[in-house]
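Architecture at a glance
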Amino acid sequence: MSDLVGQYFDAAVAHLQRVRTEEAQAIEQAAMLLADAVAEGRRIFTFGAGHSSLPAQDVVYRSGGLVVINLLNVPGMIGVNVMPAPLGSALERVSGLAPATLDLTPAREGDLLFVISLSGRQVMPIELAQHARARGLTVIGVTSLAYPGEVTSQHPSGTYLKDHCDVVLDSKIAVGDGELSHPGAGTTFGSVSTVVTSALMQAVVASAVGKLADKGITPPLFRSGNVDGGTEWNTQVMAENADRVFYTY
């Protein structure tokens, strides 16, 4: 194992341990909101642009995941699935796109929305969170609070994602999103943001599942489609929750 490989794993583990300790209260707050939304029949959405879409997708339609979590998909926002790829970054800076998108989704007052943005500085996540709260949705932001104050907001208001959320989960990723360096590399590298942000999202889901089960409510969970009976189980649980599932058509 090269020294850089060891450094990378050490950095990822240290970040996970730090977030586990320092964000414990916020994780529980988010988990309670998620558990209540599931129990009360409300709708649940996740959003992330660019590579922040990966943790958003990681809790949608997967084994062990809650059936009723939906991806709020904006065409072109994932970034690497469109050509040219920089189009995704450009769209994230377009004002008015977020409100228009949200208004065309099934989201309604009382629903829950996770907005994931590492820097929290771009127009799309800021306006999405802002408009969602104006419409009566509860917003959980997943971002790094290291960015505000060190980088400028790209929104005319000068605000950041953190300013428009009911709960904020701080990934604590350093500005630049690189944990490693090398004299010949020219810049930092070795991102742990996806690892840490996905862990935050999965931790919230895990805690919410436990809260539901503790109350005697069977959580609507997917089974793996790669085990016997998994596909049949999933078909049934999606049908039972069809009014809150928006990724099957």
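Residues numbered from 1 in each chain as written. Predicted model: local features only at pLDDT ≥ 70, side-chain atom pairs only at ≥ 80, totals over all residues. Heavy atoms only, no water.

Considerations on the overall build of the chain
Here is the rule: Helix and strand assignments follow DSSP, with helices taken as H or I runs no shorter than four residues and strands as E runs no shorter than two, numbered in order from the N terminus. Only C-alpha atoms enter the radius of gyration, while the globule expectation follows 2.2 Å times N to the 0.38, with N the number of residues. The rule is simple: take the accessible area with a 1.4 Å probe, protein chains only, and divide by the maximum for that residue type; under 20% is buried, over 50% is exposed, in between is partly exposed. Here the Shrake-Rupley method, with its probe set to 1.4 Å, supplies the accessible areas, and only the displayed protein chains count as covering residues.
In terms of regular secondary structure, the chain is built from 8 helices and 5 strands. Listed N to C, the secondary structure of the chain is α-α-β-α-β-α-α-β-α-β-β-α-α in terms of helices and strands. Here the C-alpha radius of gyration of the chain, 18 Å, is about what a compact globule of 249 residues would show, namely 18 Å. Expressed as lengths along the three principal axes of its C-alpha atoms, the size of the chain is roughly 55 × 45 × 40 Å. In the chain, which comprises 249 residues, the proportion classed as buried is 47%. Of the roughly 11,800 Å² that the chain leaves accessible, carbon and sulfur atoms contribute 54%.

A short note on the pairing of strand E1 (residues 44-48)
Where we set the bar: Any two strands between which DSSP finds at least two bridges are classified as paired. By definition, the crossover connecting two strands over a helix is right-handed if that path, from the first strand to the second, turns clockwise as seen with the strands pointing away from the viewer.
With 5 of 5 residues buried, E1 is to be regarded as a mostly interior element. By the alternation rule, side chains of E1 split into Ile44, Thr46 and Gly48 and Phe45 and Phe47, which are all buried. The pairing of E1 with strand E2 (residues 69-71) spans 3 bridges and is parallel. If you follow Thr46 over to E2, its bridge partner there is Leu71. In this fold, the crossover linking E1 to E2 by way of helix H3 (residues 53-58) has right-handed handedness. Here E1 runs beside strand E3 (residues 112-116); their pairing, made up of 5 bridges, is parallel. Each residue of the ladder has a partner; that of Ile44, found in E3, is Leu112.

Describing the nonpolar core
Note the threshold: Within this scheme, the nonpolar core is defined by two criteria: the residues are buried Ala, Val, Leu, Ile, Met, Phe, Trp, Tyr or Cys, and they are joined through side-chain atoms within 4.5 Å. We call two residues in contact when some of their heavy atoms are within 4.5 Å.
If you look at the biggest cluster of nonpolar residues, it comprises 37 residues, and the most contacted ones within it are Leu34, Ile44, Phe114, Leu169 and Val204. Looking at this core, the elements with two or more residues in it are helix H1 (3-22), helix H2 (24-39), E3, strand E4 (138-143), strand E5 (167-170) and helix H7 (193-214). Sequence-distant contacts of Ile44, defined by excluding residues within four places in its chain, comprise Leu34, Ala37, Val38, Val68, Ile69, Asn70, Leu112 and Phe114. Grouped together as the second largest cluster of nonpolar side chains are 20 residues, Met77, Leu113, Val115 and Leu128 included.

With respect to the pattern of salt bridges
Charged atoms that come close allow side chains of opposite charge to pair. This is how the line gets drawn: Here a salt bridge means any side-chain nitrogen of Lys or Arg lying within 4 Å of a carboxyl oxygen belonging to Asp or Glu.
Evaluated as defined, the whole model comprises 11 salt bridges. Glu22 is the salt-bridge partner of Lys172, the closest N and O atoms lying 3.2 Å from each other. Taken together, the positions of Lys172 in the loop between E5 and H7 and Glu22 in helix H1 put the pair 150 residues apart, joining distant regions of the chain. Overall, the relative accessible area of 46% leaves Glu22 in the partly exposed class. A salt bridge links Lys211 to Glu28; the shortest N-O distance between them is 2.8 Å. Highlighted residues: Lys211 in helix H7 and Glu28 in helix H2, separated in sequence by 183 residues. Since its relative accessible area comes to 36%, Glu28 is described here as partly exposed. Among the ionic contacts, a cluster of salt bridges with common partners joins Arg18, Glu22, Glu23, Asp170 and Lys172.

Focus on the packing of aromatic side chains
For any pair of aromatic rings, the description rests on two quantities: the centre-to-centre distance and the angle between the ring planes. For clarity, the cut-off: Pairing of aromatic rings covers Phe, Tyr and Trp, the last through its six-membered ring, and needs centres within 6.5 Å; plane angles under 30 degrees mean stacked, over 60 mean edge-to-face, and all others mean tilted.
Enumeration over the complete set of coordinates arrives at 5 aromatic pairs. Ring geometry for Phe45 against Phe246: centres 5.9 Å apart, planes inclined by 10 degrees, an arrangement best described as stacked. In this pair, Phe45 is assigned in strand E1 and Phe246 in the segment after helix H8 (230-240), connecting sequence segments 201 residues apart. Of the two residues, Phe45 and Phe246, neither departs from the other in class, the shared state being buried. Considering the side-chain rings of Tyr61 and Phe222, the 5.3 Å spacing of their centres and the 90 degrees angle between planes classify their relative orientation as edge-to-face. Taken as a pair, Tyr61 in the loop between H3 and E2 and Phe222 in the loop between H7 and H8 lie far apart in primary sequence, 161 residues in all. Overall, Phe222 belongs to the buried group, its relative accessible area being 5%. Linked through ring pairs, Tyr61, Phe222 and Tyr247 together constitute an aromatic cluster.

Some thoughts on the sheet that holds E1
Note the following rule: As a rule, the C-alpha atoms of each element are fitted with a line to give its axis, helices using only the stretch in contact, and angles between N-to-C directions run from 0 to 180 degrees.
Read from one edge to the other, the open sheet built from 5 strands follows the order E2-E1-E3-E4-E5, with strand pairing classed as parallel. Looking along the sheet, the strands with just one partner apiece sit at the ends: E2 and E5. This sheet shows a mean twist of 20 degrees between the axes of neighbouring strands, independent of strand direction. With 5 bridges joining them, E3 and E4 adopt parallel strand pairing. Bridge pairing in E4 places Ile116 opposite Val142.

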